[in-house]
Amino acid sequence: MSDDRSVKIAISDNGVGIPAENLTRIFNHGFTTREHGHGFALHSGALAAKQLGGALTVQSDGPGLGATFIWNYPAMAGKTNS
């Protein structure tokens, strides 16, 4: 049985924003813009979301305009823990 419902959690900030050229790379393993960064955290988060059947995405209108990270997870309607 297919169910199109989902849970969506969005976290927004008004921080430094993300340049358009980085939006397609931000979840890549090892990608970072920080001097001492490793590029593991967002990659790991995206993998975890995928393993749970969902997705982690990002939206930003560019530098200085903040960003929104969105976790979309399919609803588990009708499922129970036994």
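See the structure above.
Predicted, not measured: the structure shown is a model, and the values here were computed from it.

A. Just the nonpolar core, in detail. Ranked by size, the top nonpolar core spans six residues in total: Ile18, Ile26, Phe27, Ala46, Val58 and Ala67. Other than its neighbours up to four places away in sequence, Ala67 contacts Ile11, Ser12, Asp13, Ile18, Val58, Gln59 and Ser60.

B. Inspection of the side chain of Ser60 at higher detail. In this structure, Ser60 sits in the loop between β2 (55–59) and β3 (67–74). Among the polar contacts listed, one links the side chain of Ser60 to the backbone nitrogen of Gly62, at a separation of 3.2 Å. Among the polar contacts made by the side chain of Ser60, one reaches the main-chain carbonyl oxygen of Gly66 at a distance of 2.7 Å. Residue contacts for Ser60: discarding those within four places in its chain leaves Gly17, Ile18, Leu23, Gly66 and Ala67.

C. Here's a closer look at a nonpolar patch on the surface. Residues Val7, Ile9 and Ile11 make up a contiguous nonpolar surface patch of about 260 Å² in total accessible area. Positionally, Val7 belongs in strand β1 (residues 6–13).

D. Focus on the environment of His43. Tracing the backbone shows His43 in helix α2 (residues 41–51). For the pair His43 and Arg25, spaced 18 residues apart in the sequence, the C-alpha separation amounts to 9.8 Å. Leaving out residues up to four positions away in the same chain, His43 has contacts with Phe27, Asn28 and His29.

Each value, and the rule that gives it
Per chain, the residues get numbers from 1 upward, laid out in the order the sequence is written. The predicted origin of the model limits local features to residues at a pLDDT of at least 70 and limits the giving and counting of side-chain atom pairs to 80 or more, whereas totals for whole chains, interfaces and linings rest on all residues. The side-chain quantities take in all heavy atoms of the structure and omit both hydrogens and water. Working definition of a nonpolar core: buried Ala, Val, Leu, Ile, Met, Phe, Trp, Tyr and Cys residues. They are joined through side-chain atoms within 4.5 Å. In this scheme, a residue with accessible area under 20% of its type's maximum is buried, one over 50% is exposed, and one in between is partly exposed, where area comes from a 1.4 Å probe on protein chains only. In this description, contact between two residues means that some pair of their heavy atoms is separated by no more than 4.5 Å. Per the convention used, a helix needs a DSSP run of H or I reaching at least four residues, while a strand needs a run of E reaching at least two, with both numbered from the N terminus. Between N or O atoms, a polar contact is any pair within 3.5 Å; within protein, one atom must be a potential hydrogen donor and the other a potential acceptor, and residues adjacent in sequence are included only when both atoms are from side chains. Patches draw on residues past 30% relative accessible area with no salt bridge. Two like charges within 9 Å are joined, as are two nonpolar side chains (Val, Leu, Ile, Met, Phe, Trp, Tyr) within 5 Å. Here the open area of atoms and residues is found with the Shrake-Rupley method and a 1.4 Å probe, where only the protein chains shown may cover a residue. By definition here, a salt bridge exists when the distance from a side-chain nitrogen of Lys or Arg to a carboxyl oxygen of Asp or Glu is within 4 Å.

Nothing here speaks to function; it is geometry throughout.
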